[in-house]
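# Remarks on the overall topology
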Amino acid sequence: EDAEGERLRLSAGAAPQGRLLCGPGLRRSGAGLLVTTCGLLRHRPGGGGAFWVDSQQKRYVPVKGDHVIGIVTAKAGDVFRLDVGGSEPASLSYLAFEGATKRNRPNVQVGDLIYGQFVVANKDMEPEMVCIDSSGKSSGMGIIGQDGFLFKVSLGLIRKLLAPKCEIIQELSQLYPFELVIGMNGRIWVKAKTVQQTLIIVNILEACEYMTAEQRKQALAKLSGN
Amino acid sequence: PGDTSVLAGLYGPAEAKVSKELPDRAALEVLLRPKVGLPGVLERSREQLLRQTCEAVVLGVLHPRTAISLVLQVLSDAGSLLSCCLNAACMALLDAGLPLTALFCGVTCALQPDGTILLDPTARQEQEARAILTFAIASSERKVLMATTKGSCSVEEMQQCLAAAQRAATTIFQFYRNSVRRRYSK
């Protein structure tokens, strides 16, 4: 764990062979690396070796390739403006949906929720999103259906939920069946059979940030006992 | 010590107004609200000092055409207010995860009429002192980011105060580290 602006010396275990990947939270400065955010330093030995800093934030900064949930705020000609929680609205062309042609336009209204990924996202340009992947298939992206509940959590919780074999999701799926869409911009959309079940899931997910694993198991046991 | 408290809130990088956006870096703005009354000239000058200190550490080039707003609300004032604001600003920047090149902390020194140096004086000690110096000290090699003086003192006395402040800065950085560690241990 590190403060910032400190000169780090890599431990002897990290053999610097070949190229070392520098992830979020680290910057190259001169001959060494500078830590720019506070958090836990993580290391992945696979491939060429990667270092990054795991930090907790609530504000999202668009990154290319991230899957996010956006809210349509305006239709400007051929392009939709989406609010993704960053510093400027993202743009989404109406042709970037599966099976969309000039004659066959997708039915998108202002206020709809869209799940897509960034194809352009750097600090100098306006971010652009698409709802198809590189082969032209939608693979789960597109307009999110009616009903359901959208809420915002911190980015650290999102990363925890998106990790493979996340315990929270497994435990929740034993409670009730539900649909879940997780956006890397901190937004989660949930839909269960009744409004009450949806709200229960929302409350558990929001509280997961501050609960330890035992507290969570206790809360879920209390709920499934009812 | 212990009675001055400032609440800091940081918002950003958010959309900036076209009149305020800078093409190559983030536009940082600081708002300082006193406990009672409307913000006056003293608050404005402190806001500018804080803004220049923060701009020196924040990597604004990573977020061009955005606005970063820091809002500080004084909850209680019992002396050493400016350094309390500096510490609150640094913790807010840390907590929000904004990219920084270094951390900074604020230390106030009061120079008594008999020449002794008091660190982090209370309001009464500030009034009796001959001069009050506030330093913002960076975490990398304890460099001085900002220095402001009220009253008069000689150059040697200022050097002595600076050395004492740099030593005190270590304690404050340790406090930052402990707070962050507690937060990430959950």
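This is a predicted model, so every value here is computed, not measured.

## Details of the overall build of chain A
Each helix and strand counted, chain A has four helices and 14 strands in total. Taking all 226 residues of chain A together, 39% fall into the buried category. Expressed as a percentage of contacts within chain A between residues at least 6 apart in sequence, the contacts between residues at least 24 apart total 60%. For chain A, the exposed area adds up to about 12,800 Å²; of that, 52% sits on carbon and sulfur atoms.

## Some details on the environment of aspartate 83 of chain A
Residues and elements named next belong to chain A. Inspection of the secondary structure assignment puts aspartate 83 in strand 7 (residues 79–83). Expressed as a C-alpha distance, the spacing of aspartate 83 and glycine 111, which sit 28 residues apart in the sequence, is 9.9 Å. Setting aside anything within four residues of it in sequence, one finds aspartate 83 in contact with Ile69, Gly70, Ile71, Thr73 and Arg187. Within the structure, aspartate 83 has its side chain in polar contact with the backbone nitrogen of glycine 85 (distance 3.1 Å).

## Section: the UniProt feature "domain: K Homology" (unreviewed entry) in chain A
Under the UniProt annotation, the feature "domain: K Homology" (unreviewed entry) is placed at residues 148–196 of chain A. Regarding residues 148–196 of chain A, the helix share stands at 35% and the strand share at 31%, and the terminal C-alpha atoms are separated by 11 Å.

## Overview of the domain arrangement of chain A
You'll often see interface size given as the accessible area lost when the parts meet. Splitting chain A by domain gives domain 1 (21–54), domain 2 (66–143) and domain 3 (149–224). Look at where the C-alpha atoms of domain 1 of chain A and domain 3 of chain A centre, and you get two points 30 Å apart.

Calculation criteria
Throughout, residues of each chain are indexed from 1 in the direction in which the sequence is written. Labels follow written order: the first chain is A, the first ligand is 1, and so on. Whole-chain, interface and lining totals are the exception, using all residues; otherwise, since this is a predicted model, local features are given only for residues with pLDDT of at least 70 and side-chain atom pairs are given and counted only at 80 or more. Hydrogens and water molecules were not included; the side-chain quantities draw on all heavy atoms of the structure. Strands here are runs of E lasting at least two residues and helices are runs of H or I lasting at least four, both read from the DSSP assignment and numbered beginning at the N terminus. Note on classification: 1.4 Å probe, protein chains only; a residue is buried when its accessible area is under 20% of the maximum for its type, exposed when over 50%, partly exposed between these limits. Any two residues having at least one pair of non-hydrogen atoms within 4.5 Å are treated as being in contact. Working definition of accessibility: Shrake-Rupley area with a 1.4 Å probe, residue cover restricted to the visible protein chains. Polar contact is defined as a pair of N or O atoms within 3.5 Å, subject to the rule that within protein one atom must be able to donate a hydrogen and the other to accept it, and that residues adjacent in sequence are counted only when both atoms are side-chain atoms. UniProt positions are given in the numbering used here, feature names are shortened, and annotations may be inferred rather than shown by experiment. Segmentation into domains, and thus their bounds, comes from an automatic or database assignment.

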